[in-house]
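# What the coordinates show
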Amino acid sequence: RKEVEQDPGPFNVPEGATVAFNCTYSNSASQSFFWYRQDCRKEPKLLMSVYSSGNEDGRFTAQLNRASQYISLLIRDSKLSDSATYLCVVNRQGEGGADGLTFGKGTHLIIQP
Amino acid sequence: GAVVSQHPSRVICKSGTSVKIECRSLDFQATTMFWYRQFPKQSLMLMATSNEGSKATYEQGVEKDKFLINHASLTLSTLTVTSAHPEDSSFYICSAKGGPGANVLTFGAGSRLTVL
């Protein structure tokens, strides 16, 4: 099983729709989880951290299911500018904080007008 | 917020030459910087962890003699690809830990290396 696994997509979604991605991770001792956004040929940028209780930031909601070892990202009322690759990121070997991150390959999202 | 500057953004070189990429934290001190490589449609792969004033820690399978890392100050880390070959062509990205969100990584804009 890959350390961090995501459906690569692409997800083609009409503007205004709701879209959800899942990501699974293999290391049950992982402590920190993040969603990053990466635009084509650009560096990743932190979208949001993922907390055990779930967290929301505007149109974005992230949830963590430790028992099943998956993380989800929900985007409501999608905008054209949401088109990007979304990277699921998990810390390695149970280390807390931002060190030792493992990146998924990303899920490619295309919002269509 | 924290800013990481990476230079050059693009470089084309001939096979056998060496290329140096710089990563600077502009408004914060970064005791730890990370170097990643990303091939097309692949995930970011950590190459090495660079600690100021000490030797870098390389990930398994990354040749330390080929990818020289120097972290001589709290704001600068460099990656030198020595004797570059076409298979080294990739997107190299650095990141730094520190700044206002001390547990969050800030990424440089990346350097696209093409070896002819």
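All figures in this text were calculated on a predicted structure; none of them were measured in a lab.

Parameters and conventions
Residues numbered from 1 in each chain as written. Chains lettered and ligands numbered in written order. Predicted model: local features only at pLDDT ≥ 70, side-chain atom pairs only at ≥ 80, totals over all residues. Heavy atoms only, no water. 1 Å grid on protein atoms, 1.4 Å probe; cavity = no way out; pocket = protein on both sides within 12 Å on 5 of 7 lines; lining within 4 Å. Points joined across faces, edges and corners; volume = space filled by probe spheres on them. Helix = DSSP H or I, 4+ residues; strand = E, 2+ residues; numbered from the N terminus. Nonpolar A, V, L, I, M, F, W, Y, C, P; charged D, E, K, R; others polar. Contact = heavy atoms within 4.5 Å. Buried area = accessible area lost by both parts, 1.4 Å probe. Salt bridge = Lys/Arg side-chain N within 4 Å of Asp/Glu carboxyl O. Polar contact = N/O pair within 3.5 Å; in protein donor to acceptor, adjacent residues only side chain to side chain. Phe/Tyr/Trp six-rings, centres within 6.5 Å; stacked < 30°, edge-to-face > 60°. Buried < 20%, exposed > 50% of the residue type's maximum accessible area, 1.4 Å probe, protein only. Disulfide = S-S within 2.5 Å.

### A look at the layout of surface pockets
There is about 660 Å³ of room inside the largest pocket. Along the walls of the largest pocket sit 25 residues, with A:Thr85, B:Gln38, B:Pro40, B:Lys41 and B:Gln42 positioned nearest its centre. The set of elements that each furnish at least two residues to the lining of the largest pocket consists of β9 (84-91) of chain A together with β9 (90-97) and β11 (111-115) of chain B. Tallied by class, residues from the lining of the largest pocket come to nine nonpolar, eleven polar and five charged. One number sums up the size of the second largest pocket: a volume of about 560 Å³. If you trace the second largest pocket, you find 25 residues lining it, with A:Thr102, A:Phe103, B:Ser43, B:Leu44 and B:Met45 closest to the centre.

### With respect to empty space enclosed by the protein
All names here are of chain A. Under the definition given, this model contains one cavity of 30 Å³ or more. If you add up the space inside the largest cavity, you get close to 50 Å³. Lining the largest cavity are eleven residues, with Glu3, Asn27, Ser30, Val90 and Asn91 sitting closest to its centre. Classifying every residue of the lining of the largest cavity gives three nonpolar, six polar and two charged.

### Here's the deal with the interface of chain A and chain B
The accessible area lost on association of the parts is a frequent measure of interface size. The interface is formed by 17 residues belonging to chain A together with 20 residues belonging to chain B. Summed over both sides, the interface between chain A and chain B buries roughly 1,500 Å², with carbon and sulfur atoms accounting for 55% of that surface. Interface area lost by chain A to chain B is led by A:Arg41, A:Phe103 and A:Lys105, which between them contribute 32%. Linking chain A to chain B there are zero salt bridges. Across the contact surface, chain A and chain B share two residue pairs in polar contact (both at pLDDT 80 or more). The set of elements that each furnish at least two residues to the side of chain A that touches chain B consists of β4 (33-38), β5 (44-50) and β10 (101-103) of chain A. Residues that form the side of chain A that touches chain B fall into these classes: seven nonpolar, four polar and six charged.

### Some thoughts on the packing of aromatic side chains
Here a ring pair, both rings aromatic, is described through the centre-centre distance and the interplanar angle of the planes. Applying the stated criterion across every chain yields a total of eleven aromatic pairs over all chains. Both rings, one in A:Phe11 and one in A:Phe21, keep their centres 5.4 Å apart while their planes meet at 90°; by these two values the pair is edge-to-face. Taken together, the residues span a long stretch of sequence, with A:Phe11 in strand β2 (residues 11-14) and A:Phe21 in strand β3 (residues 19-25) at a distance of ten residues. Judged by its relative accessible area of 1%, A:Phe21 falls in the buried class. Their ring planes at 85° and their centres at 5.4 Å tell us that A:Phe103 and B:Tyr36 sit as a pair that is edge-to-face. Here the residue A:Phe103 occupies a position in strand β10, and B:Tyr36 occupies one in strand β4 (residues 32-38), the pair thus bridging two chains.

### A short note on unusual backbone geometry
When glycine is set aside, most residues are seen to have a negative phi, and most peptide bonds are trans. With omega at 10°, the peptide bond leading from A:Gly9 into A:Pro10 counts as cis. When you line up the elements, A:Pro10 lands in the loop between β1 (4-6) and β2. Of the consecutive residues B:His7 and B:Pro8, the connecting peptide bond is found in the cis state with omega at 0°. Structurally, B:Pro8 is set in the loop between β1 (4-7) and β2 (10-13).

### Considering the state of the cysteines
This structure, assessed with the given rule, holds two disulfides over all chains. Note that A:Cys23 is cross-linked by a disulfide to A:Cys88, the S-S spacing being 1.9 Å. With the S-S bond torsion at -70°, the cross-link from A:Cys23 to A:Cys88 turns out left-handed. Here A:Cys23, found in strand β3, pairs with A:Cys88, found in strand β9; they are 65 residues apart in sequence, far enough to count as distant. One disulfide bridge connects B:Cys23 with B:Cys94, the sulfur atoms lying 2.0 Å from each other. Taking the sign of the S-S torsion, about 80° here, the bridge from B:Cys23 to B:Cys94 comes out right-handed. Of the two residues, B:Cys23 is situated in strand β3 (residues 19-25) and B:Cys94 in strand β9; the sequence distance between them amounts to 71 residues. Under the relative-accessibility criterion, B:Cys94 is labelled buried at 0%.

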